[in-house]
Amino acid sequence: MIRKLNSNKLTVALPKGRLFDQTIDIFRKAGILKEEINSSSRKLIIESGDFYFLLVRAKDVPTYVENGIADIGVAGDDVLIESDPDVYRPVDLNIGVCSIVVAGLPESKEKYFSNPTSIKVSTKYPKVTKQFFGKKGVKVHIIELYGSVELAPLVGLSDYIVDIVETGRTLRENGLVVIEHIRQSSAKLIVNRISYKTRKEKLFPIIEKLHKFLDKGE
Ligand code: PRP
């Protein structure tokens, strides 16, 4: 069954978990959403006020927005660099702030800085990794993983990983260290290109309210 959502409402694709709660919090504080939301339910479509919220995996948010299933969504730079969707990115929400880094065991630091011509890296971010080492002129053998990337250096899958670090707790608890910083990442509001043109009256006030709220530095 293909379910058509009521087209008067805006559809918002959000990643499940922490970013979902932080986005709802900003929407509420910015005066965009007044209604309550029960995020602990297992429902994948939550209807609230003028919105449908679709709960998806972080990596899938750009797909829903680029294909026009969702008018808007929230995605981190880490995800956007990998999928490079054809969408507008009008607001930096300044949430989900983290660093993308090269990390490994402390003892592999020296080898890293001895200018190797090739390197083996495990990561969920093959594009970021390829670009980063490409610019350095280092040949990189990428082992793509889908999670628990910090395990790789501990069991000898690769000396190095490229991953995001938020609190640093996962690295610390696994005896790993940051070897090189690649870039910062934060969550962006992304907008479908057609919605941006055809649903201006609904979208522009939201973008404006977000800018106003975020400019106040809250
Ligand atoms: C992410 C990331 C690190 C961890 C970093 O993994 O890949 O493993 O969070 O956060 P920290 O610096 O606060 O410890 P995620 O929780 O998404 O799980 P995953 O390993 O299943 O991808």
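Since the structure is predicted, the reported quantities are computational estimates derived from the model, not experimental observations.

The rules behind the values
In this convention, every chain numbers its residues from 1, walking through the sequence in written order. Restriction of local features to residues with pLDDT of at least 70 applies here, the model being predicted, together with a cutoff of 80 or more for giving and counting side-chain atom pairs; totals for whole chains, interfaces and linings are based on all residues. By convention in this description, side-chain values take in all heavy atoms of the structure and omit both hydrogens and water. For each residue, the accessible area found with a 1.4 Å probe, counting protein chains only, is set against the maximum for its type, and the residue is called buried under 20%, exposed over 50%, and partly exposed in between. Where helices and strands are cited, they refer to DSSP runs of H or I of at least four residues and of E of at least two residues respectively, numbered from the N terminus. Pairing between strands requires that DSSP locate at least two bridges from one strand to the other. UniProt positions are given in the numbering used here, feature names are shortened, and annotations may be inferred rather than shown by experiment. Lining residues are defined by having an atom within 4 Å of a point belonging to a cavity or pocket. Those points lie on a 1 Å grid over the protein atoms alone, cavities being sets where a 1.4 Å probe fits but cannot get out and pockets being open sets with protein on both sides within 12 Å along at least five of seven lines. Grid points are joined across faces, edges and corners, and a volume is the space filled by probe spheres set on the points. Domain borders in the structure are assigned automatically or taken from a domain database. To define a nonpolar core, start from buried Ala, Val, Leu, Ile, Met, Phe, Trp, Tyr and Cys residues and group those joined through side-chain atoms within 4.5 Å. Residue contacts follow a heavy-atom distance rule, with two residues in contact if any of their heavy atoms lie within 4.5 Å. Fitted lines through C-alpha atoms give the axes, limited to the stretch in contact for helices. The angle between two N-to-C directions lies from 0 to 180 degrees. Orientation categories follow fixed angle ranges, with anything under 35 degrees roughly parallel, anything over 145 roughly antiparallel, 65 to 115 roughly perpendicular, and all other angles oblique. Charged residues are taken to be Asp, Glu, Lys and Arg, nonpolar residues to be Ala, Val, Leu, Ile, Met, Phe, Trp, Tyr, Cys and Pro, and polar residues to be all remaining types, Gly included. The rule for a salt bridge is simple: a side-chain nitrogen of Lys or Arg has to be within 4 Å of a carboxyl oxygen of Asp or Glu.

### Some thoughts on the pairing of strand β1 (residues 10-15)
Turning to step 1, where the next piece is worked out: Most of β1 is tucked away: six of the six residues are buried.
Turning to step 2, where the next piece is worked out: Looking at chain direction, β1 and strand β3 (residues 51-56) are connected through six bridges and run parallel. When the bridges of β3 are listed, A13 appears paired with L54.
Turning to step 3, where the next piece is worked out: Strand direction decides the pairing type here: β1 and strand β4 (residues 72-76), joined by two bridges, are parallel. Within the sheet, the bridge partner assigned to V12 lies in β4 and is I72.

### Comments concerning the UniProt feature "domain: ATP phosphoribosyltransferase catalytic" (unreviewed entry) in the protein chain
Turning to step 1, where the next piece is worked out: Mapped onto this numbering, the UniProt entry gives "domain: ATP phosphoribosyltransferase catalytic" (unreviewed entry) at residues 57-211.
Turning to step 2, where the next piece is worked out: In the segment residues 57-211, helix accounts for 36% and strand for 32%; the C-alpha atoms at its two ends are 26 Å apart.

### Re the layout of surface pockets
Turning to step 1, where the next piece is worked out: A volume near 1,000 Å³ is recorded for the largest pocket.
Turning to step 2, where the next piece is worked out: D78, K124, Y125, I164 and E166 are the residues nearest the centre of the largest pocket, which is lined by 37 residues in total.
Turning to step 3, where the next piece is worked out: Counting only elements with at least two residues in the lining of the largest pocket, the list comes to α1 (18-29), β4, α3 (77-83), β9 (160-165) and α7 (169-173).
Turning to step 4, where the next piece is worked out: Split by domain, the lining of the largest pocket shows at least three residues from each of two domains, domain 1 (10-96 + 186-215) and domain 2 (98-185).

### Observations regarding the nonpolar core
Turning to step 1, where the next piece is worked out: Core analysis: the largest hydrophobic core is formed by 30 residues, its most contacted members being F20, F27, F51, F53, L93, L189 and L210.
Turning to step 2, where the next piece is worked out: Broken down by element, the residue count for this core peaks at six residues, all from helix α9 (residues 200-215).
Turning to step 3, where the next piece is worked out: Apart from residues lying up to four places away in sequence, L189 is in contact with I72, G73, V74, Y88, R89, P90, V91, L93, I207 and L210.
Turning to step 4, where the next piece is worked out: If you look at the next biggest cluster of nonpolar residues, it comprises 15 residues, including I81, V102, Y160 and I179.

### Here's the deal with the packing of α1 against α9
Turning to step 1, where the next piece is worked out: Interhelical geometry of α1 versus α9 gives an angle of 95° and a closest axis separation of 9 Å. Taken as axis vectors, α1 and α9 run roughly perpendicular relative to one another. Taken together, the residues of α9 that come into contact with α1 (itself represented by I26, F27 and K29) are L210, F213 and L214.
Turning to step 2, where the next piece is worked out: Partitioning the contact of α1 with α9 into residue classes produces five nonpolar, no polar and one charged.

### Describing the domain arrangement of the protein chain
Turning to step 1, where the next piece is worked out: Per the domain assignment, the segments of the protein chain are domain 1 (10-96 + 186-215) and domain 2 (98-185).
Turning to step 2, where the next piece is worked out: Between domain 1 and domain 2, the C-alpha centre-to-centre distance is 30 Å.
Turning to step 3, where the next piece is worked out: Facing ten residues of domain 1, the contacting portion of domain 2 comprises 14 residues.
Turning to step 4, where the next piece is worked out: Summed over the shared surface of domain 1 and domain 2, the result is two salt bridges.
Turning to step 5, where the next piece is worked out: Measuring nitrogen to oxygen at the nearest pair gives 3.2 Å for the salt bridge that ties R18 to E166.

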